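# Summary of the model geometry
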Amino acid sequence: MEAMLVDAFGREVTDLRISVTKRCNFGCIYCHDEGLGPILRPRAPHDEEMTVDEIERIVRTAREFGIRTIKYTGGEPLVRTDVEEIVARTVRQIPDVSMTTNGSMLARRAEALRNAGLKRVNVSMDAIDPTAFREIRKGDLHPVLEGVREALRVGLVPVKLNMVVFKHTLEHIPAMLDFVGNSDGHLKLQLIQFMPELVDPKDWSVDIDAVKKWLEGKAEKVLVREMHHRRIYLYNGTEVEVVDPVYNEEFCFNCHRIRVTHKGELKGCLNRNDDLIPTRGLDDDGLRKAFRTVVAQRVPYYGVHVKEFPRRDGDAAQPVFPLSAG
Ligand code: SAM
Ligand code: SF4
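Residues numbered from 1 in each chain as written. Chains lettered and ligands numbered in written order. Predicted model: local features only at pLDDT ≥ 70, side-chain atom pairs only at ≥ 80, totals over all residues. Heavy atoms only, no water.

### Quick notes on the overall build of the protein chain
When helices and strands are counted, the protein chain shows nine helices and 11 strands. Scaling as 2.2 N^0.38, a compact globule of 326 residues should have a C-alpha radius of gyration of about 20 Å, and the protein chain matches this with 19 Å. Reported as C-alpha extents along the three principal axes, the dimensions of the protein chain are approximately 55 × 45 × 35 Å. Looking at the 326 residues of the protein chain, the share that counts as buried comes to 56%. Approximately 14200 Å² of the protein chain is accessible, and the part contributed by carbon and sulfur atoms is 50%. Measuring between centres, the 48 positive side-chain charges of the protein chain sit 2 Å from its 50 negative side-chain charges. (Helix = DSSP H or I, 4+ residues; strand = E, 2+ residues; numbered from the N terminus. Rg over C-alpha atoms; globule rule 2.2 N^0.38 Å. Buried < 20%, exposed > 50% of the residue type's maximum accessible area, 1.4 Å probe, protein only. Areas by Shrake-Rupley, 256 points an atom, 1.4 Å probe, with all protein chains shown as cover. Lys, Arg positive; Asp, Glu negative; His and termini not counted. Charge placed at Lys NZ, Arg CZ, Asp CG, Glu CD.)

### Quick word on the site of ligand 1
Ligand 1 sits among 20 residues. The nearest are Tyr-30, His-32, Gly-75, Ser-124 and Met-195. Arg-137 has a polar side-chain atom sitting 3.2 Å from an oxygen atom of ligand 1. Contacts to ligand 1 include Met-195, whose backbone N or O atom sits 2.9 Å from a nitrogen atom. Burial of ligand 1 by the protein amounts to 96% of the accessible area it has alone, namely 550 Å². (Near = heavy atom within 4 Å. Polar contact = N/O pair within 3.5 Å; in protein donor to acceptor, adjacent residues only side chain to side chain.)

### Some remarks on unusual backbone geometry
The amide bond that connects Gly-74 to the next residue, Gly-75, takes the cis arrangement and shows omega of 20 degrees. In this structure, Pro-158 follows Val-157 across a cis peptide bond, with omega equal to -10 degrees. Mapped onto the elements of the fold, Pro-158 is located in the loop between α5 (142-153) and β5 (159-165). With a phi close to 55 degrees, Lys-138 is a non-glycine residue in the positive phi region. Given a relative accessible area of 46%, Lys-138 falls into the partly exposed group.

### What about the site of ligand 2?
Close to ligand 2 lie eight residues, the nearest being Cys-24, Cys-28, Cys-31, Asn-102 and Arg-137. Residues of the shell around ligand 2, tallied by class, amount to five nonpolar, two polar and one charged. (Nonpolar A, V, L, I, M, F, W, Y, C, P; charged D, E, K, R; others polar.)

### Re the sheet that holds strand β7 (residues 221-224)
Ordered in space as β7-β8-β9-β6-β5-β4-β3-β2-β1-β10-β11, the 11 strands form an open sheet in which the pairing is mixed. A strand with exactly one partner marks an edge of an open sheet, and here the two such strands are β7 and β11 (266-267). On top of the sheet, helix α7 (residues 208-218) reaches β5, β6 (187-193), β7, β8 (231-235) and β9 (238-243); it is set at about 35 degrees to β8, its chief contact. (Pairing = 2+ DSSP bridges. Contact = heavy atoms within 4.5 Å. Axes fitted to C-alpha atoms, helices over the stretch in contact; angles between N-to-C directions.)

### Digging into the nonpolar core
With 85 residues, the main nonpolar core has Tyr-72, Leu-161, Val-211 and Phe-291 as its most contacted residues. Once you skip the residues sitting within four places of it in the chain, Val-211 turns out to touch Val-165, Leu-170, Ile-173, Leu-191, Val-320 and Leu-323. Residues Ile-192, Met-195, Tyr-301 and Phe-309 belong to the second largest nonpolar core, which totals 12 residues. (Core = buried A, V, L, I, M, F, W, Y, C linked by side-chain atoms within 4.5 Å.)

### Here we look at the environment of Lys-263
Along the chain, Lys-263 falls in the loop between β10 (257-260) and β11. In this structure the C-alpha to C-alpha distance between Lys-263 and Leu-145, which are 118 residues apart in sequence, comes to 31 Å. With residues near it in sequence (within four places) discarded, Lys-263 still touches Glu-48, Met-50 and Arg-280.

### As for the environment of Leu-266
For Leu-266, the position within the fold is in strand β11. A relative accessible area of 0% places Leu-266 in the buried class. A C-alpha to C-alpha distance of 9.4 Å links Leu-266 and Thr-293, two positions 27 residues apart in sequence. Each residue touching Leu-266, except ones within four places of it in the same chain, is listed here: Arg-259, Val-260, Asp-275, Leu-276, Ile-277, Thr-279, Ala-290, Phe-291 and Val-294.

### Some points on the pattern of salt bridges
Overall, the coordinates contain 33 salt bridges when judged by the stated rule. Of the charged contacts, one joins Glu-84 and Arg-109 as a salt bridge, the two residues approaching to 2.7 Å between their closest N and O atoms. Of this pair, Glu-84 sits in helix α2 (residues 83-91) while Arg-109 sits in the loop between β3 (96-101) and α3 (110-116), and the two are 25 residues apart along the sequence. Neither Glu-84 nor Arg-109 differs from the other in exposure class; each is buried. Close ionic contact of Arg-230 with Glu-241 constitutes a salt bridge, the shortest N to O distance being 3.0 Å. (Salt bridge = Lys/Arg side-chain N within 4 Å of Asp/Glu carboxyl O.)

What follows is the structure in C-alpha cells.
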C-alpha cells in the first residue's frame, strides 16, 4: 500500500474520474467534454481509447493510493460496448463505482451494469420538457426517461439527474424539482453551474447564487458535502445538490478529485490541460510516479492558478426570473 496522495494544499485525493471515450451520440450545445475540446462522433475511429486492461491497471494503482471512489464518464461512456466488463474489473479493486451518462442507451444495459457491480448512476437531464431537452442536447428525451426508469427498477438507486444551470434551463428548474420530488426519494437532482471557460465564451451564465438563495428559501435543511463543500438542499423528501465551481475558491480548496483522460493521461484539474501526464507505456513504478507527480503539481484553480476573478457574494444575490425569492 502506498501513502495517501495529498497535494501541497493538504487536499487528499480520494476520488478518480475516468473518461473512457471522447465519442458521443448527443451534441449538447454547452458540452465541455471534460475540458478536452470537441467531442468525436460515435462511429469515429477510437484507437486512442484506453483498453480494459489499461483502465484496470490505473484503477489498481489508484487503490494502492487509497482512492475510494471511481466515476466513469466520457464523451458518452455507453458508446463503448465493454463498459460492463470495465465495471466488473473495477469493483474487484474499488467497490464504489458510479457512472455519468446521457442515459440514451441506458435502458438495455442498466441490469447488466448493476450485475457487473455498478453502484449508482448520474443521468444528464437538462429539462423534463421534450422540446427544450432536444434543443439543448440534440437528442430524444424518451429513451433517457426509459433509461432512468430501468435504472430505478434494477436498483441503481438513487439515480442522480444532472441539470446544467444556464439561460436555457432556468425556467425548467421548478418542473424538474416536481419530477424529482414525486419519486419517493429514488431520484436526486444535481444542479451544475454552466462552466463557460471550457467552451466558446457565450453569454449563457446565470447567477447561481440567486438559484442557491431561492433553494434555501424553500429548503427545510441545508447540508454541506465534504467534496467541494457542495450545498445540498432538502425539502419534501427531495435532495438537490448544487455544483458551482465557477469563481469559487471554497469549491477548489475542497476538491479531492483527479481525472484520467480517454487516452490514459492523468489530469489534476478539470479546468486545466497544461498538467496532463501520459501513462501509456509506463511500468507499474512509472505509473505510481505519474500519480504522485500529477498530485504534487495540483493547485486550487480559483485562488492559486487563477488569482484575479470576480468575487461572489451569495448574500447580495438578487432573484433571477422566473425564480422568485421564498
Ligand atoms: N455524456 C455523459 C453525460 O452527458 O452525462 C457524460 C459526460 S458529460 C461531459 C458530464 C456532465 O458534464 C454532464 O452532466 C453534462 O451535462 C455536464 N457538462 C458538460 N458541459 C458542461 C458545461 N459547459 N458546464 C457545466 N456542465 C457541463
Ligand atoms: Fe457532451 Fe455528454 Fe452531451 Fe455528449 S451527452 S455532448 S458528452 S454533455
